[in-house]
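One letter stands for each residue in the lines below.
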Amino acid sequence: MSPDKIIVAIVSVLGIGFTYWFFLGKNDKEFVASDSVDIMVDGGYEPEVISILKGKTIKLNFLRTDPTTCLEDVVLGDFKVREHLPLNKKVVIEITPDKKGEFTYTCGMGMYHGKIIVK
Ligand SMILES: [Cu+2]
């Protein structure tokens with residue numbers, strides 16, 4: 001093996017490891033919500049992964065404290081919701097999931113992600 005191939009091999013192994021950690025490791029923190037959940041919007045979403053029940057209406061209370069314009073809107077594409085989040089003002093979004101699965105929600109430009117798991 002030539003040195004450049006070895007470097008490529010090392011980089012790709014690191015890349016796989018990072019991808020694994022990024023997509024699987026980070027999602028360990030799953031917030032189990034029943035009727036409502038407060039979601040802090042500050043450099044991302046906290047909690048980022050919310051698990052809810054199918055057929056049960058849930059209130060998602062978004063509070064944006066981050067002035068980044070990027071996070072101004074929240075989009076729940078699967079639930080046909082796009083909502084403006086004024087700074088430091090709670091916005092309640094109600095959804096009633098009618099199917100199981102994993103649904104992502106994002107900022108207006110799709111840079112920040114959160115996940116709703118319907119069980
Ligand atoms: Cu954004």
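For the structure, see preceding data.
The structure displayed is predicted, hence computed values, not measured ones.

**Things to note about the overall build of the protein**
Then step 1. A tally of regular secondary structure across the protein gives one helix and ten strands.
Then step 2. Starting at the N terminus, the α and β elements of the protein follow one another as α-β-β-β-β-β-β-β-β-β-β.
Then step 3. Burial analysis of the protein (119 residues in total) assigns 33% to the buried set.
Then step 4. Working note: accessible area of the protein is about 7500 Å², and carbon and sulfur atoms make up 60% of it.

**Regarding the coordination of the copper ion**
Then step 1. In the first shell of the copper ion, the protein supplies Cys-70 (SG) and Cys-107 (SG), at 2.1 to 2.2 Å from the metal. In this pair, Cys-70 sits in the loop between strand 5 (58-64) and strand 6 (73-76) while Cys-107 sits in strand 9 (residues 101-107), placing the two residues 37 residues apart along the sequence. A single burial state applies to Cys-70 and to Cys-107, both of which are buried.

**Some details on the pairing of strand 4 (residues 49-52)**
Then step 1. Along strand 4, one buried face is formed by Val-49 and Ser-51 and the opposite face, lined by Ile-50 and Ile-52, is buried too.
Then step 2. Summarising the sheet, strand 1 (residues 30-32) and strand 4 pair through three bridges and their orientation is parallel. Paired with Phe-31 across the strands is Ile-50, a residue of strand 4.
Then step 3. Summarising the sheet, strand 4 and strand 10 (residues 113-118) pair through four bridges and their orientation is parallel. What sits directly across from Ile-50, in strand 10, is Ile-116.

What counts as what
- Per chain, the residues get numbers from 1 upward, laid out in the order the sequence is written.
- Only residues with pLDDT of 70 or above have their local features reported here, since the model is predicted, and side-chain atom pairs are shown and tallied only from 80 upward, although totals for entire chains, interfaces and linings are computed over all residues.
- To get the side-chain values, all heavy atoms of the structure are used, and hydrogens and water are removed first.
- Numbering of helices and strands runs from the N terminus, with a helix taken as a DSSP run of H or I at least four residues long and a strand as a DSSP run of E at least two residues long.
- When a residue's accessible area, from a 1.4 Å probe over protein chains only, is under 20% of the maximum for its type it is buried; when over 50% it is exposed; and in between it is partly exposed.
- Accessible areas in this description were obtained via Shrake-Rupley with a 1.4 Å probe; residue shielding takes into account the shown protein chains only.
- Only nitrogen, oxygen and sulfur atoms qualify as donors, provided they sit within 2.8 Å of the metal or within 3.2 Å for Na, K and Ca; with water excluded from the atoms, sites may seem incomplete.
- Following DSSP output, two strands are said to pair if at least two bridges run between them.

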